[in-house]
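Chain by chain, the residues run as shown.
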Amino acid sequence: MTASERAKKPRLKRTKPIRSWSGVFEPPPEGASVAGSPASGPATNGAKAVPEAVQLGYTVIQDYLNEARQEAQRIGGTPRDTRASAGPERLTQRLFQYTSDLTNLWLEVLQASTQRDTRREPPRGTAGPFVNGYHAEPAPSPTPAAPQGAPVVSLQSPSVSLKLCTSRRVEATIELRPAPIVGPLVAHELRAADPDAPRVQGIELEYRSTENRVHVSIRIPSDLPEGVYSGLFLDRSDNLPRGTLTVTVLPQD
Amino acid sequence: MKLGRDFDLALLGVGVGALPYVSRQLIERDPAWRSMVEHSASVPTQALQLWLSEDFESLGWRSGPVNLSGFVQPFDTWADMSHLAPEESWPVAPRAIAYFCSVFPDAPPGTQPSTDERNEEVFENARRFLNRDVGWLWPGAKQPTGDFLWDLLVVPPGTPQDGEARLRSQFWRANVRPSDRYTLALPGTLQFRISPLDPSYDNFAVCGDWTDCGFNEGCVESAVMSGRLAAHALCGFPALSEIVGYDHP
Amino acid sequence: MSTADGQVVASQLKAYGELARMHLWEYLKTERGPQELYRLAAEYPRRGGRSLRASLCIAAARCFGASTAESLDSAVALELLHNGFLVHDDIEDESEQRRGLPTLHLLHGIPTALNVGDALAVLSLQPLLRNCSLLGGRLGLRILQETECMARESVEGQALELEWRRTNAINLLPADYLQMILKKTCWYTTIYPCRVGAIIGTRDNVDLDRFIRYGFFLGAAFQIQDDLLNLVGDTDRYGKEPSGDLLEGKRTLMLIHLLHQAPARELRRLRSLLRLERSERTPQQVGWILDVMKHHGSIDYARQVAHGLVGAATHEFTAAFGDTADSDARRFLEALPSWVLERT
């Protein structure tokens, strides 16, 4: 039996309820102008024009979508598929789709492998991180945009400003580790090898992210015995070391 | 069944709980149907109907004919169906008919009681309810012991006459079969309902209180509206304007 | 409409429009082929325009997470096609002005203008094909499918309107008008840009029907407002000849309303005027039609319908874009319905 031979439901003039005041007191005869239905003329009453326009709009678009679905179904799509897709065309399209996806995936794998950082992630710990691999400096990369309110993290090595208050001859060394600084920074006391030797305390450290610069301020007591004093400074964000401060107090002339 | 030989148009009028079982192909093929079934929900219910030889006012209910809910489990809803008494073929019509119903909890996980076992559960609930709770609504229906006055129940001739045994002749039922479950109208789900007027299939319509019928609640009024809409969809009759409650502001 | 909303729309239209225009010139400049053809093809784009369609496409794509670069070719393809449609529409409507200057066919003749319109349509294929390398073959093909669907709807809509004029249709209803502009205007002005933008942004992982509703209500309100501006807008800013639609006998919502409202005597005269060819219709006759439109409330009626449709578009915005994150693009799309009524 062909589609044209078999019995079908009648084509309905209306498939949705009317949600307006127009039919409350006088239900319209079926098939005649129903306010807001496709068969009705324009509103004569200005106040009715807006709601009837909305209702009419919804009726028009729903009828359109229904017809599109029926058309899609007629030529082989699913009832709710508004894209026409006949059998062979659909198979070809799927084949194209999978091939294209596979190709794109392969390209993405290639791209990822060429950009992969071949240095191992340095092990971390209280004594690390240790730099291993090919060179100590991380590849320069642009500072990523930080979400509002989040600390700005630079991937480039920070600069250092050192303020030394002392009457002694000293050499100061600051070694920074290749890890981003979030801050705040805190410095341990500087100690000599001799555990009984006095310590250098009160070291002030500040990381200014806008400058990407670590500001260090050390006061060396005038009676500090000569020798080498060193200590770690940590990043409070993860309590891991970011570098070492070393002060060598030279013999007095 | 073969289209054109055994049927021309199809109408699906089962309860919502049966849909996953009877419409598998539709669910697989039609995303809208699938969404509708996925978002539909139902619960089992338990029902009890009593035919009484006294009217409710005599039993102490002074607030007139009523549909009330929010009473107590296991029968928190009571509807006065006394107006149906003349429609039933009693030699002597009862003075009152009381219909009770409520949600019936699903069987505990891991158990699979039979329908008969679940019916017996409802019977036990009914017996306990009448002895313990209904006296709050009908103070005149209690014996001096506090138990239900079983003699109030009107029984057909030939049924057991004594005490609680009279309850066996009344109506009680566990509505646990998929098609018997009660349709829920959960927030955010009504948009997925399909209307009996939906034109997606040119030889098929649906009806039931689970459809998008203009009064989307689980009730007989909704079922009737839906059925009339389905009739309109299949043959154009009755006119939509004649389906009371379908069109409204 | 709040001033802030108006500013969002104005600034985003300007930004997206400039990007689209700059990219569009890449496809219009060529050292091969007849230079005159490409010079004329650039004529309408050079005259300006809001680039609303391109902006919608870019904004929709950005709403769903794509970059502007990913949607620019699709946006430009649409602008090229749109300008091609304008050239042909002006011939079909026998229009005399476009964007404040004489129409292309008046300046250069119909045969040349027809070919220029064809060229613009053909040129729109280039950026669509470029999508295949930029976005991948699958998405490129999907966008081509959408383009085919949109183009077919547009020509079908235009066919409806031309048929009404050819047969001097006078028993049209507002529903007929909406059905026609759904196909002729809404598909390529508002529905297609949103759908393509969403395809790009979600990699074709979103149900596209929701944009049909939003696009339909927005596009319908846009077209009705355009028709109103043609009759009662600021002539300096409008860009086409005032009341040109009445001269053409275009079946606008206002005319349909009037055909239903006018009493018998006025209706007889109106029908006889509509039977005339465009060249036979005088400015006085056009003036009379406009007067009776105002008298019978046809202008007010169309305004109210536009208001209603804008309300529906605002509602449908939530369904279409409600699950996207806040952004300039999203705010632009949300403010567009109101802007449609406020534009001049």
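Since the model is a prediction, treat every value here as computed from it, not as a measurement. (Residues numbered from 1 in each chain as written. Chains lettered and ligands numbered in written order. Predicted model: local features only at pLDDT ≥ 70, side-chain atom pairs only at ≥ 80, totals over all residues.)

1. Remarks on the overall build of chain B
Heads up, the rule is: Helix numbers and strand numbers start at the N terminus; a helix is a DSSP run of H or I with at least 4 residues, a strand a run of E with at least 2. The exposure scheme places C-beta atoms from the backbone and then counts, for each residue, the other C-beta atoms within 10 Å of its own, assigning buried at 20 or more, exposed at 12 or fewer, and partly exposed in between.
Regarding its fold elements, chain B presents five helices and nine strands. Going through the 249 residues of chain B one by one, you find that 32% of them count as buried.

2. Overview of the overall build of chain A
Basically, it comes down to this: C-beta atoms are placed from the backbone for every residue, and two residues are taken to be in contact when these atoms lie within 7 Å.
If you tally the helices and strands in chain A, you get two helices and seven strands. Shown N-terminal to C-terminal, the secondary structure of chain A runs as helices and strands in the order α-α-β-β-β-β-β-β-β. The buried share of chain A, reckoned over its 253 residues, is 18%. For chain A, long-range pairs separated by at least 24 residues make up 52% of all intrachain contacts whose partners lie at least 6 apart in sequence.

3. Points about the nonpolar core
Our working rule: Any nonpolar core is a set of buried residues, restricted to Ala, Val, Leu, Ile, Met, Phe, Trp, Tyr and Cys, that join up through C-beta atoms within 7 Å.
Membership of the largest hydrophobic core comes to 108 residues, with the highest contact counts inside it found for Ala60(C), Ala221(C) and Leu309(C). No other element matches the 16 residues that helix H10 (residues 174-202) of chain C contributes to this core. Residues contacting Leu309(C), with those up to four places away along its chain left out, are Ala53(A), Gly57(A), Phe217(C), Ala220(C) and Ala221(C). Leu59(B), Phe75(B), Phe129(B) and Phe148(B) belong to the second-largest nonpolar core, a separate cluster that totals 31 residues.

4. Details of the pairing of strand E3 (residues 45-52) of chain B
Residues and elements named next belong to chain B. Under the convention used in this document: Each pair of strands is called paired provided DSSP finds at least two bridges between the two strands.
Of all eight residues in E3, six are buried, a share of seventy percent or more. Examined bridge by bridge, E3 and strand E6 (residues 96-103) share eight bridges and lie antiparallel to one another. By the bridge assignment for E6, Leu 52 is matched with Ala 96. Two elements, E3 and strand E7 (residues 171-175), share five bridges in a ladder whose sense is antiparallel. Considered in E7, the bridge of Gln 46 is made with Ala 174.

5. Digging into helix H5 (residues 220-235) of chain B
All names here are of chain B. Our working rule: In a helix, the anticipated span is given by 1.5 Å times the number of residues less one.
The end-to-end C-alpha distance of H5 is 22 Å, a good match for the 22 Å that 16 residues give at a rise of 1.5 Å each. Every buried residue belonging to H5 is among Ser 222, Ala 223, Met 225, Ser 226, Arg 228, Leu 229, Ala 230, His 232, Ala 233 and Leu 234, and all of these are buried. As for H5, its buried residues are in contact with strand E1 (10-12) and strand E9 (204-206). One or two residues past the end of H5 sits Gly 236, with phi positive at roughly 85°.

6. Quick word on the environment of Leu341(C)
All names here are of chain C. Mapping Leu 341 onto the fold places it in helix H18 (residues 328-342). Each C-alpha atom of the pair Leu 341 and Val 310 lies 7.8 Å from the other, and the pair is 31 residues apart in sequence. In contact with Leu 341, other than residues within four places in its own chain, are Gln 225, Ala 306, His 307 and Val 310.

7. With respect to the pairing of strand E7 (residues 240-249) of chain A
Residues and elements named next belong to chain A. The sheet contact formed by strand E2 (residues 170-176) and E7 spans seven bridges and is antiparallel. Considered in E7, the bridge of Ile 174 is made with Leu 245. Bridging between strand E6 (residues 227-235) and E7 involves nine bridges; their strand directions are antiparallel. What sits directly across from Gly 231, in E7, is Leu 245. Remark: four residues form the turn of the hairpin made by E6 and E7, two consecutive strands paired antiparallel; Asn 239 in that turn has positive phi of roughly 60°.

8. Let's talk about the packing of helix H5 (residues 68-92) of chain C against helix H8 (residues 125-135) of chain C
Residue and element names in this part refer to chain C. Put simply, the rule is: Only C-alpha atoms enter the line fits that serve as axes; for helices the fit covers just the stretch in contact. Angles between N-to-C directions range over 0 to 180 degrees. Roughly parallel here means an angle under 35 degrees, roughly antiparallel means over 145, roughly perpendicular means 65 to 115, and every remaining angle is called oblique. By definition, any crossing whose near helix is turned counterclockwise from its far helix by less than a right angle is left-handed, and any crossing with a clockwise turn is right-handed. Gly is placed with the polar residues, together with every amino acid not listed as nonpolar (Ala, Val, Leu, Ile, Met, Phe, Trp, Tyr, Cys and Pro) or charged (Asp, Glu, Lys and Arg).
Put simply, H5 and H8 touch, their axes get as near as 8 Å, and they point 165° apart. The angle between H5 and H8 places the two elements in the roughly antiparallel class. As for the relative orientation of H5 and H8, their crossing is left-handed in sense. Only Pro 127, Leu 128, Arg 130, Asn 131, Leu 134 and Leu 135 of H8 make contact with H5, whose side of the interface consists of Glu 70, Asp 73, Ser 74, Val 76 and Ala 77. The residue inventory of the contact of H5 with H8, partitioned by class, reads six nonpolar, two polar and three charged.

9. Examining the confidence of the model for chain B
Where the model shows low pLDDT, its predicted coordinates should not be examined in detail. Basically, it comes down to this: The quantity called pLDDT is the predictor's confidence in a given residue, expressed from 0 to 100.
Here chain B averages 92 in pLDDT, and 100% of its residues register 70 or above. For this predicted complex, the interface confidence score (ipTM) comes to 0.85, while the overall pTM stands at 0.51.

10. What to know about the environment of Asp212(B)
Residue and element names in this part refer to chain B. Structurally, Asp 212 can be placed in the loop between E9 and H5. The sequence separation of Asp 212 and Ser 222 amounts to ten residues, and the corresponding C-alpha distance is 9.2 Å. Among all residues touching Asp 212, those that are not within four sequence positions of it are Arg 193, Ile 194 and Ser 195.

11. A few points about helix H16 (residues 283-295) of chain C
Residue and element names in this part refer to chain C. Here is the rule we go by: For this quantity, the arc is that covered by the directions from the helix axis to the C-beta atoms.
Taking 1.5 Å of rise per residue, the 13 residues of H16 would be expected to cover 18 Å, and the 18 Å separating its terminal C-alpha atoms lies within 8% of that figure. If you check which residues of H16 are buried, you get Val 286, Ile 289 and Met 293. In a view along the axis of H16, the buried residues occupy a sector of 60°, so they form one face of it. Set apart from the buried face of H16 by more than 90 degrees, the exposed residues are Gln 284, Gly 287 and Asp 291. Buried residues belonging to H16 abut helix H13 (244-248), helix H14 (253-261), helix H15 (264-275) and helix H17 (298-321).

12. Quick word on the sheet that holds strand E1 (residues 159-165) of chain A
Residue and element names in this part refer to chain A. Taken in spatial order, the three strands make up an open sheet running E1-E5-E4, and their pairing is mixed. One side of each edge strand has no neighbouring strand; the edge strands of this open sheet are E1 and strand E4 (204-208). Neighbour-to-neighbour, the strand axes of the sheet open up by a mean angle of 15°, direction not taken into account. Bridge count for E4 against strand E5 (residues 213-219) is five bridges, and the pairing is antiparallel. When the bridges of E5 are listed, Arg 208 appears paired with Arg 213.

13. So, unusual backbone geometry
Note on backbone geometry: most residues besides glycine have negative phi, and most peptide bonds are trans. The linkage connecting Gln73(B) with the following residue, Pro74(B), adopts the cis geometry, with an omega of 10°. Within the secondary structure, Pro74(B) is located in the loop between strand E4 (67-68) and strand E5 (77-80). Between Phe237(B) and the following residue, Pro238(B), the backbone shows a cis peptide bond with an omega angle of 0°. One can find Pro238(B) in the segment after H5. Backbone geometry places Glu94(C), a non-glycine residue, at a positive phi of 55°.

14. Concerning the packing of helix H4 (residues 52-63) of chain C against H18(C)
All names here are of chain C. For the pair H4 and H18, interaxial distance at closest approach is 8 Å and the crossing angle is 130°. Our classification of the angle between H4 and H18 gives oblique. Crossing of H4 against H18: the hand is left-handed. Along the contact surface, H4 presents Ala 59, Ala 60, Arg 62 and Cys 63, while H18 presents Ala 329, Arg 330, Phe 332 and Leu 333. Residue composition of the contact of H4 with H18, grouped by class: six nonpolar, no polar and two charged.

15. Observations concerning the sheet that holds E4(B)
Two orientations exist for strands paired in a sheet by backbone hydrogen bonds: parallel and antiparallel. Residue and element names in this part refer to chain B. Ordered by their spatial adjacency, five strands build an open sheet running E4-E5-E6-E3-E7, and the pairing between neighbours is antiparallel. If you trace the sheet from one side to the other, it starts and ends with E4 and E7, each paired once. Set on the sheet, helix H4 (residues 115-132) makes contact with E3 and E7; between it and E7 the angle comes to about 130°.

16. Focus: the confidence of the model for chain A
Residue and element names in this part refer to chain A. Summing up the model confidence of chain A, the mean pLDDT is 69 and the portion of residues at 70 or higher is 55%. Ranking the elements of chain A by mean pLDDT puts helix H2 (residues 87-115) last, at 56, and E5 first, at 90. For the stretch residues 78-87, pLDDT sits under 50, and the model shows 28 contacts to residues farther than four places along the chain or on other chains. Contacts of residues 116-152 to residues separated by more than four positions or lying in other chains number 34 contacts, the stretch itself having pLDDT below 50.

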